[in-house]
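# Chain and residue survey
Listed below, chain by chain, are the residues.
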Amino acid sequence: MIKANFELWKDVKDYEGLYQVSTLGRVRSLDKYIDAKNRNVDKVLRRGKILKPSYDKNGYLTVSLYKNGKGTR
């Protein structure tokens, strides 16, 4: 019997298009274009990545999500 581990990704509520969470509990940021500084172009592509969780003071794993310059855990 072959068992495959599929990881499905869904948008995080209120952060659609910015972050996704998987069926394995991992959180990732999505690719996005940001304003370029000191470049010959207007926008630069920033690749998304898997976010590294950290422990809060109560021992729970958390990640910080940002939207419009404001962060939340």
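Rules of the game
- Residues numbered from 1 in each chain as written.
- Predicted model: local features only at pLDDT ≥ 70, side-chain atom pairs only at ≥ 80, totals over all residues.
- Heavy atoms only, no water.
- 1 Å grid on protein atoms, 1.4 Å probe; cavity = no way out; pocket = protein on both sides within 12 Å on 5 of 7 lines; lining within 4 Å.
- Points joined across faces, edges and corners; volume = space filled by probe spheres on them.
- Nonpolar A, V, L, I, M, F, W, Y, C, P; charged D, E, K, R; others polar.
- Helix = DSSP H or I, 4+ residues; strand = E, 2+ residues; numbered from the N terminus.
- Polar contact = N/O pair within 3.5 Å; in protein donor to acceptor, adjacent residues only side chain to side chain.
- Contact = heavy atoms within 4.5 Å.
- Buried < 20%, exposed > 50% of the residue type's maximum accessible area, 1.4 Å probe, protein only.
- Salt bridge = Lys/Arg side-chain N within 4 Å of Asp/Glu carboxyl O.
- Pairing = 2+ DSSP bridges.
- Axes fitted to C-alpha atoms, helices over the stretch in contact; angles between N-to-C directions.

Approximately 280 Å³ is the volume attributed to the largest pocket. Every residue along the wall of the largest pocket is listed here: Leu18, Tyr19, Ser29, Leu30, Lys32, Arg46, Arg47, Gly48, Lys49, Leu51, Ser64 and Tyr66. Among the residues forming the lining of the largest pocket, the class breakdown is five nonpolar, three polar and four charged.

What follows covers the side chain of Gln20. Residue placement: Gln20 occurs in strand 2 (residues 19-22). At 2.5 Å, the side chain of Gln20 and the side chain of Arg28 are in polar contact. Setting aside residues no more than four positions away along its own chain, Gln20 makes contact with Trp9, Lys10, Asp11, Val12, Arg26, Val27, Arg28 and Leu30.

Here Tyr19 is to be found in strand 2. Tyr19 sits in the buried class, given a relative accessible area of 8%. For the pair Tyr19 and Gly48, spaced 29 residues apart in the sequence, the C-alpha separation amounts to 8.8 Å. The residues contacting Tyr19, other than those within four sequence positions of it, are Asp11, Val12, Arg28, Ser29, Leu30, Leu51, Ser64, Leu65 and Tyr66. A distance of 3.0 Å separates a polar side-chain atom of Tyr19 from the backbone nitrogen of Tyr66.

Turning our attention to the pattern of salt bridges. Counted under the stated rule, the structure contains three salt bridges. The salt bridge partner of Arg26 is Glu7, with a shortest N-O separation of 2.7 Å. Residue Arg26 is located in the loop between strand 2 and strand 3 (27-29), and its partner Glu7 is located in the segment before strand 1 (9-11); the two are separated by 19 residues in the primary sequence. Among the ionic pairs, Asp31 bridges to Arg47, the shortest N-O distance being 3.2 Å. Of this pair, Asp31 sits in the loop between strand 3 and strand 4 (32-35) while Arg47 is found in the loop between strand 5 (43-46) and strand 6 (54-55), placing the two residues 16 residues apart along the sequence. Residue Asp31 is classed as partly exposed on the basis of its relative accessible area of 41%.

Now for the sheet that holds strand 2. The sheet built from three strands is open, its strands ordered 1-2-3 with antiparallel pairing. Either end of the sheet is taken by a strand with one partner, and the two such strands are strand 1 and strand 3. Pairwise comparison of adjacent strand axes, ignoring direction, gives a mean angle of 35° for this sheet. Bridge count for strand 1 against strand 2 is three bridges, and the pairing is antiparallel. Across the sheet, residue Asp11 finds its bridge partner in strand 2, namely Gln20.

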